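Here's the letter readout for the chains.
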Amino acid sequence: MHLKEKLVSSLLFLSAFFSVIIIFLIIIFILKEGMPIFLKEGLNFIFGREWKPEGEIYGFDASYGALPLILATLLTTFMAIAIAVPLGIGSAIFISHLAPKRIKSFIKSMIELLAGIPSVVYGFFGLVVLVNFFQANFNVASGEGWLVASIVLAIMILPTITSISEDVISSVPSEYVEGSFALGATKWRTIRKIVLPASLPGIIASIVLGIGRAAGETMAVMMVIGNSALMPNLKMPFMPLKTITSAMAIEMGESPTNSMWHHALYGLAVLLLIIAFFVNWFAMKIIERNKKARVNENLKKYAKIFFSIILFFLTIYILEVYSIAIFGIILLLYFIMKREVISEKIYQKIAFSLISLCAFISISILFIILYYIFSNGISGLNIEFLTKPPSNLGREGGIFPAIVGTLLLVGGAILFAMPLGIGAGIYLNEYAREGKIKKIILSSITMLNGTPSIVFGLFGLTFFVIYLKWGICLLAGQITLALMILPTIIKTTQETLKTIPQHVREGSFALGATKWQTIKKIVLPASLPGIMTGAILSIGRAAGETAPILFTAAVFSQKFLPGSIFEPVMALPYHLFIIITSVPGEEARRNAFATAVVLTLLVIVLYMGAIIIRNRYRKKIRW
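Residues numbered from 1 in each chain as written. Predicted model: local features only at pLDDT ≥ 70, side-chain atom pairs only at ≥ 80, totals over all residues. Heavy atoms only, no water.

(A) Representation of helix 6 (residues 119-137) in the model. For helix 6, with 19 residues, the first-to-last C-alpha span of 26 Å sits near the 27 Å given by 1.5 Å per residue. Its axis deflected by about 35 degrees at Gly126, helix 6 carries its strongest bend there. Asn139 lies just past helix 6 and shows a positive phi near 50 degrees. (Helix = DSSP H or I, 4+ residues; strand = E, 2+ residues; numbered from the N terminus. Expected span 1.5 Å × (residues − 1). Bend = angle between axes of the 7 residues up to and from the residue.)

Written as C-alpha cells, this is what we have:
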C-alpha cells in the first residue's frame, strides 16, 4: 500500500479508536471516585432507604442509602414511557399510513422539532405551566412531584419513539401490504396483522432508547420534581422526589471534595452508567435481532403477560376499588376485539380515530409549548436585551455574554468533534474489517451515545477541571460537549456513507484511483449533505445542553466576554436555569421567557436547517 494511503488509514483508525479511549477514561475516573462509597456501605448504598449525605458536614448522622433516588428514577421513567408509547406509536402509524402526502413531511418535521427543544426549556414550561396548573386545580400545596416530572419526560421522549417507529414502520416491504390487500384485508387489519408485527423489534428498540433518555435526563426533571429524597408513593402524584440525576446536579456543588458525600455522588453516577449501558445493550441486541429475523412469538407472548401483570397490580395499588371497574372495561374491550363482535369497518374507524387523535395530541404539544414560550417572551426582546450584559441578578440588562458564550462553546465543540467524528465514520464504513476490533469500537460508540449528559459533566469536572487543573473554563466545556456529540457525528457519517452504492466506488477504482482518492473525490462529496445534517443536529444539541457545562464551564452572570479559553463563560441554557429557579421577581420571570425564546429560536433554526438539507438531499440524489 502507498505510504500516503497507510498514513491516512492509520489516522482514521486513531480517530475511531478515540471513542474506546474516552469511554475507558469515563469508566476509570467515575469508578475511581465512586469506589470508596461502595467499599464503605456495600449493598446498603443500593438498598438503603435513607439518603441524607449532608449530615457529614451539618453534624448529624449521614445516611447514604440510594434506594429512594433509584426508585424515583425508575418511577418517572416508567410513567413517562406509559404516556409516550401510545402517543408515539399512534403518531408513527398516522404519519406512515394515514397522513395525506402533502402534510406527511410537515408532521414528521414538526415532531422532530420537538427533539430539538432544549431540555431546560421543557423544564421551564413544566415549572411555569404544568406545576401551576396542578397546584391551582388539584388543591395541593405545590404541583411539583413525580407526576409532572413524568409528563415532562414523556413529552421529551415522544419524538424519539415517534421518529424511530415511523422509520421502521415505513420500511416494511410494500409487497407485504399489497399481498394483504390482495387477500381482502382492510387497511387496519393489514397494519395490525402485517405491518406492526413486522416492525415490532424496531418499535421496541425505540422504546428502549426512550427509556435511556428518560432515565438520564437531568435539568428538566430537577426543575419540576420537588427534589426531596423520599421513598416514592404511587398514591401521591404530587409527592416531591429526587432522582439520581437531580441529586448529582444539585448536591455536587455543595459536597466537599474527597468527602464521603462527594464519593456517594460519583457512586450514583456509576449506578446511572450501569442502567444506561444495560438499556443500550438491550436496544443493540433488539436491533441486531431485527436485522436477522422477526421477533420470537414466545417472546411476544411472555412480554404481554409480563406487562399485563405489572399493569394489573399497579392499577389495583393506585386506584384501589376503582380498579375493578377499569379492568372490567379493559376486559370488555379485549373480548370485543378478540371475538370481532363489531364489524371490521367500524373497528377500523375507531382505530383510525384513536391513531389520528394521538398524532393530533403530539403536534398540539409542540404548538402549545412554542405558543406559550413565544407569546410570553417575544415582548421582552429588544436590541438592549440582546446586546447588553446582565445586571441585578438577571433582572435587568441583557444576555449578550450568554449568547456569545453559547456560540463559543458550540463552535469549539464542533471544531473538536467534527474531524474525529467524520474520520471515525469513514474508517468504520470504508476501512474496518469485521472482527473484534470493529466490535469493540462500535460497542464503545454505542456506550458513549447512551451515556447520560450529567455523567459527561461529571467526567469533565473530574478530568479537565480537577485532574488536569484547568479549572472551570471555556476549554473544559468545549471538550466535554465535543465528547457528548461525538457519537452522533460518527453514526450520522457512517450511515450516510452506507447509502453510497458500491458500484460508484468500483467505477472509480476501475479508472485507477486509490482508495483514499475515491473517498475524497467521490464518496465524501456525495455524502456531504448527510454529514452536514449530523453536524447541525449536533450543534443544536450542544447549544441546548446544560448538564455537561454545569460543572465545567458555565457561570450565571458575567459582564465581560472571556479573555482566554481558560476563563469561565456564560451560556444561555445555564442562565435560563438559574434565573427561573433561583431569582425571584416579575422582571426575572420576563427575562427568563425572553431568554427561552432566544435559545429555542437558535436551536429551531439549526434543526430546520438540518431538515431542509435532508429533504433536498433526498430529492436530488438518485443512483
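This is not the end of the story, as more comes after the structure.
(B) Region of interest: a nonpolar patch on the surface. A cluster of nonpolar residues, Ile346, Ile350, Leu354, Leu357, Phe360 and Ile361, forms a patch on the protein surface that exposes about 560 Å² of accessible area. Tracing the chain through its elements places Ile346 in helix 15 (residues 344-377). The exposure class of Ile346 is partly exposed, given its relative accessible area of 45%. (Patch = residues over 30% accessible without salt bridge, like charges linked within 9 Å, V, L, I, M, F, W, Y side chains within 5 Å. Areas by Shrake-Rupley, 256 points an atom, 1.4 Å probe, with all protein chains shown as cover. Salt bridge = Lys/Arg side-chain N within 4 Å of Asp/Glu carboxyl O. Buried < 20%, exposed > 50% of the residue type's maximum accessible area, 1.4 Å probe, protein only.)

(C) Just the pattern of salt bridges, in detail. Tallied over the entire structure, the rule returns 6 salt bridges. Across the pair Lys242 and Glu251 runs a salt bridge, and its minimum N-O distance is 2.7 Å. This pair shows no difference in class: Lys242 is buried, exactly as Glu251 is. A salt bridge links Lys438 to Glu434, with the shortest nitrogen-to-oxygen separation between them at 3.1 Å.

(D) Summary view of helix 11 (residues 244-251). For helix 11, the buried fraction is high: 7 of the 8 residues fall into the buried class. Within helix 11, the full set of buried residues consists of Ile244, Thr245, Ser246, Ala247, Met248, Ala249 and Glu251.

(E) Quick peek at the packing of helix 6 against helix 7 (residues 146-170). Where helix 6 contacts helix 7, the axes come no closer than 10 Å and their chain directions differ by 140 degrees. The orientation of helix 6 with respect to helix 7, classified from their angle, is oblique. Judged by the twist between their axes, the crossing of helix 6 over helix 7 is right-handed. Here Ser119, Tyr122, Gly126, Leu130, Val131 and Phe134 of helix 6 come into contact with helix 7, specifically with Leu147, Val148, Ile151, Val152, Ile155 and Met156. Considering only residue class, the contact of helix 6 with helix 7 consists of 10 nonpolar, 2 polar and no charged. (Axes fitted to C-alpha atoms, helices over the stretch in contact; angles between N-to-C directions. Parallel < 35°, antiparallel > 145°, perpendicular 65-115°, else oblique. Left-handed = near helix turned anticlockwise from the far one by under 90°. Contact = heavy atoms within 4.5 Å. Nonpolar A, V, L, I, M, F, W, Y, C, P; charged D, E, K, R; others polar.)

(F) Representation of unusual backbone geometry within the structure. Look at Asn139: it is not a glycine, yet its phi comes out positive at around 50 degrees. Here Asn139 shows up in the loop between helix 6 and helix 7. The class of Asn139 is exposed, set by a relative accessible area of 74%. One non-glycine residue, Asn227, lies in the positive phi region at around 60 degrees. Mapped onto the fold, Asn227 is located in the loop between helix 10 (219-224) and helix 11.

(G) A look at the packing of aromatic side chains. Under the counting rule described, the total for this entry stands at 21 aromatic pairs. Look at Phe134 and Phe238: their rings are 5.4 Å apart centre to centre, the planes differ by 50 degrees, and that puts the pair in the tilted class. A residue pair is termed long-range when its members are at least 10 positions apart, and Phe134 in helix 6 and Phe238 in the loop between helix 10 and helix 11 qualify at 104 residues. There is no split in this pair, since Phe134 and Phe238 are both buried. (Phe/Tyr/Trp six-rings, centres within 6.5 Å; stacked < 30°, edge-to-face > 60°.)

(H) Representation of the nonpolar core. Judged by nonpolar contacts, the single largest core of 192 residues is most densely connected at Ile26, Ile30, Phe45, Tyr122, Phe124, Leu268 and Leu458. Per element, the largest residue contribution to this core is 15 residues, and it comes from helix 4 (residues 67-98). In this view, Phe124 contacts Met223, Ile373, Ile580, Ala592, Phe593 and Ala596; residues no more than four positions away in its chain are not counted. (Core = buried A, V, L, I, M, F, W, Y, C linked by side-chain atoms within 4.5 Å.)

(I) How the structure looks around the packing of helix 1 (residues 3-41) against helix 18 (residues 436-450). Close contact between helix 1 and helix 18 brings their axes to 9 Å; oriented N to C, the two are set at 55 degrees. Looking at the two axes, helix 1 sits oblique to helix 18. Considering the relative orientation of helix 1 and helix 18, their crossing is left-handed. Within the contact between the two elements, helix 1 uses Phe13, Ala16, Phe17, Ser19, Val20, Ile22, Ile23, Ile26 and Ile27 and helix 18 uses Ile437, Ile440, Ile441, Ser444, Ile445, Met447 and Leu448. When the residues that make up the contact of helix 1 with helix 18 are grouped by side-chain class, the tally is 14 nonpolar, 2 polar and no charged.

(J) Structural context of the environment of Gly450. Summarising the element assignment, Gly450 is placed in helix 18. Separated by 172 residues in sequence, Gly450 and Phe278 place their C-alpha atoms 9.5 Å apart. In contact with Gly450, other than residues within four places in its own chain, are Ala276 and Asn280.

(K) Focus on the side chain of Ser91. Along the chain, Ser91 turns up in helix 4. In this structure the side chain of Ser91 is engaged in a polar contact, spanning 3.4 Å, whose partner is the backbone oxygen of Cys358. Ignoring any residue separated from it by four or fewer positions in sequence, one finds Ser91 in contact with Ile111, Thr162, Cys358, Ala359 and Ser362. (Polar contact = N/O pair within 3.5 Å; in protein donor to acceptor, adjacent residues only side chain to side chain.)

(L) Representation of the environment of Leu74 within the structure. Mapped onto the secondary structure, Leu74 falls in helix 4. Separated by 137 residues in the primary sequence, Leu74 and Ile211 have C-alpha atoms spaced 9.4 Å apart.

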